Amino acid sequence: MRTTVGIIGAGPAGLLLARLLHNAGIDSVVLESRGRAYVEQRQRAGILEQGTVDVLRAAGAAGRMDREGLRHDGIELRYAKKRHRVDFPALTGGRSVMVYAQTEVCKDLIALQLKEGGLLLFEAEALAVEGADTGSPSVRFRHEGREDVLECDYVVGCDGFWGVARQAVPAELTRVFERTYPFGWLGILADVPPSHEELVYARHDRGFALLSMRSPSVSRLYLQVPEGTDAEEWGDEEIWAELERRFETEDGWRLERGPITQKSVTPMRSYVHEPMRHGRLFLAGDAAHIVPPTGAKGLNLAVGDVVTFARALTHQKETGSAELLDSYSETCLRRVWQAERFSYDMTTLLHRAPGATPFEDRLQLARLERIASSRAAETDLAEGYTGFPLH
């Protein structure tokens with residue numbers, strides 16, 4: 001089997017890349033180790049930056065998002081029972097974000113790929129990337145009980161932290177930067193309309209809390225919990241009571257309760273793998289970088305990576321120049337490190353570290369007061385949240 005670009009992983013990064021390449025007249029094959037149902041159901045991110053929204057529209061993949069997605073023009077910060085709204089369009093020249101779940105992005109892109117695009121193989125497990133430093137790399141994979149080889153001009157690894165693509169970069173060429181946080185997020189899905197029309201980020205002495213949503217009838221909420229917490233240790237009543245405590249305000253705002261349909265704990269870490277390219281192997285998304293979810297950057301960073309690759313390969317096709325391909329890692333990492341910085345800032349701004357001192361507590365409150373009272377500080381947050389440029 002042969003193609004121009006072999007794509008490992010049918011998450012939003014791999015699927016969007018296949019769509020962008022198809023629109024540019026470049027053929028690709030997507031290999032996904034899981035089944036279609038799993039890919040369309042796995043819960044992940046739900047916030048799309050302005051740039052991601054624009055890319056999906058330009059790619060012809062935004063019809064349902066524009067009908068069903070929830071445009072958000074701001075977020076609310078809560079601390080010391082106070083409330084402060086950050087108005088994105090007023091601070092960024094009109095930029096906003098879209099609440100539209102990753103599962104829905106994947107459904108839309110899968111439907112387009114199967115209807116119009118190149119080959120998409122589910123339950124096709126990539127076993128190894130071979131010959132990455134040659135002119136003809138390949139992906140060895142297993143599908144329908146037998147091994148096969150996908151010969152390519154380029155391989156793009158969109159297969160996550162545990163995938164084979166990252167492992168194909170020689171250790172002696174790799175630099176890793178990482179930080180593990182001593183807390184995680186206990187997340188719930190609940191069948192109840194969101195208690196606020198926009199996301200609420202709450203800093204509390206008992207820990208961080210986030211009010212989010214998946215739709216007008218389904219709420220997504222999170223609590224900061226100690227690292228290693230088992231979600232089943234928390235009863236439903238205990239979760240709602242703790243959420244109410246952390247979201248409490250001076251004006252008597254109320255959190256609406258409803259049946260909890262799902263519980264899980266998300267660990268928190270920052271991770272960057274440099275470089276993001278080895279020969280003709282290019283890493284994208286979680287294969288190259290991970291951010292704590294506080295800044296809503298994970299999916300959006302992956303989109304930035306595949307847009308950069310698609311532009312670079314299209315440029316080479318049209319001009320014969322490999323200049324943009326050669327600078328892929330450097331270009332992506334500039335944006336990655338800004339997103340890492342923003343996600344770290346948001347995490348340390350809102351989460352109370354175990355053993356935090358009164359001095360550290362007051363610093364957090366001072367940082368929040370600065371955002372609430374300074375247009376410059378507020379603008380920096382709004383620009384980071386709505387997204388860094390995709391070029």
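What counts and what doesn't
- Numbers given for residues are sequential positions, taken from 1 along each chain in its written order.
- Confidence filtering applies because this is a predicted model: local features only for residues at pLDDT of at least 70, side-chain atom pairs given and counted only at 80 or more, and all residues used for totals across whole chains, interfaces and linings.
- To obtain the side-chain values, all non-hydrogen atoms of the structure were used and water was disregarded.
- Per the convention used, a helix needs a DSSP run of H or I reaching at least four residues, while a strand needs a run of E reaching at least two, with both numbered from the N terminus.
- We compute the radius of gyration from the C-alpha atoms alone; for a globule the expected value is 2.2 Å times N to the 0.38, where N is the number of residues.
- In this scheme, a residue with accessible area under 20% of its type's maximum is buried, one over 50% is exposed, and one in between is partly exposed, where area comes from a 1.4 Å probe on protein chains only.
- We call two residues contacting when some pair of their heavy atoms lies within 4.5 Å.
- Using a 1.4 Å probe, the Shrake-Rupley method yields the accessible areas, and only the shown protein chains count as cover for residues.
- Any N or O atom pair separated by 3.5 Å or less is treated as a polar contact, with the protein-specific requirement of one donor-capable and one acceptor-capable atom, and with residues adjacent in sequence counted only for side-chain atom pairs.
- Where a domain begins and ends is set by an automatic assignment or by a domain database.
- By buried area we mean the combined loss of accessible area, with a 1.4 Å probe, across both parts when two parts are placed together.
- Within this document, salt bridges are pairs made up of a side-chain nitrogen of Lys or Arg and a carboxyl oxygen of Asp or Glu, the two lying within 4 Å of each other.
- Only Asp, Glu, Lys and Arg are considered charged in this grouping, and only Ala, Val, Leu, Ile, Met, Phe, Trp, Tyr, Cys and Pro are considered nonpolar; every other residue, Gly among them, is considered polar.
- Pairing between strands requires that DSSP locate at least two bridges from one strand to the other.
- Handedness is read with the strands pointing away from the viewer; a crossover is right-handed when the path from the first strand over the helix to the second is clockwise.
- Here the nonpolar core consists of buried residues drawn from Ala, Val, Leu, Ile, Met, Phe, Trp, Tyr and Cys, with membership extended through side-chain atoms lying within 4.5 Å.

### Brief notes about the overall build of the protein chain
- When helices and strands are counted, the protein chain shows 13 helices and 20 strands.
- Since a compact globule built from 391 residues should have a radius of gyration of about 21 Å, the 21 Å found for the protein chain is in line with a globular shape.
- For the protein chain, the spread of C-alpha atoms along the principal axes amounts to about 65 × 40 × 40 Å.
- Split into buried and exposed, the 391 residues of the protein chain put 57% on the buried side.
- For the protein chain, contacts bridging at least 24 residues in sequence account for 71% of all contacts bridging at least 6.
- Looking at the protein chain as shown, the accessible area adds up to about 16,500 Å², and 49% of this sits on carbon and sulfur atoms.

### So, the environment of Glu116
- Locating Glu116 in the fold gives a position in helix 6 (residues 102-116).
- Filtering out sequence-adjacent residues up to four positions away, Glu116 remains in contact with Arg19 and His22.
- Only 2.6 Å separates the side chain of Glu116 from the side chain of Arg19, close enough to count as a polar contact.

### Examining the domain arrangement of the protein chain
- Here the protein chain is described as being made up of domain 1 (5-71 + 97-178 + 269-346) and domain 2 (179-268 + 355-386).
- For domain 1 and domain 2, the distance between their C-alpha centres works out to 29 Å.
- Every contact between the two is made by 25 residues of domain 1 and, on the other side, 20 residues of domain 2.
- A buried area of about 1,900 Å², summed over both sides, lies between domain 1 and domain 2, and 61% of it is on carbon and sulfur atoms.
- Where domain 1 packs against domain 2, one counts one salt bridge.
- Counting the contacts that link domain 1 with domain 2 gives six residue pairs in polar contact (both at pLDDT 80 or more).
- Residue assignment for the side of domain 1 that touches domain 2 shows that the elements contributing at least two residues are helix 3 (50-58), strand 7 (97-99), strand 17 (260-274) and helix 11 (328-350).
- Looking at which element gives the most residues to the side of domain 1 that touches domain 2, the answer is helix 11, with five residues.
- For the side of domain 1 that touches domain 2, the per-class residue count stands at 12 nonpolar, six polar and seven charged.

### A short note on the pairing of strand 2 (residues 28-31)
- Residues of strand 2 alternate between two faces, with Ser28 and Val30 on one and Val29 and Leu31 on the opposite face, all of them buried.
- As judged from the four bridges shared by strand 1 (residues 5-8) and strand 2, these two strands associate in the parallel manner. Bridge pairing in strand 2 links Val5 to Ser28.
- Viewed along the sheet, the connection from strand 1 through helix 1 (residues 12-23) into strand 2 turns out right-handed.
- As defined by bridge partners, strand 2 adjoins strand 8 (residues 119-121) across three bridges and the pair is classed as parallel. Across the sheet, Leu31 pairs through a bridge with Leu121, a residue of strand 8.

### Regarding the nonpolar core
- In this structure, Leu16, Leu48 and Phe309 are the most contacted members of the largest nonpolar core, which totals 75 residues.
- Looking at this core element by element, the count peaks at 10 residues for helix 9 (residues 298-319).
- Aside from chain neighbours lying at most four places away, what touches Leu16 is Val55, Leu56, Ala59, Leu109, Val303 and Val306.
- Val97, Val192, Ala202 and Leu223 belong to the second largest nonpolar core, which has 51 residues in total.

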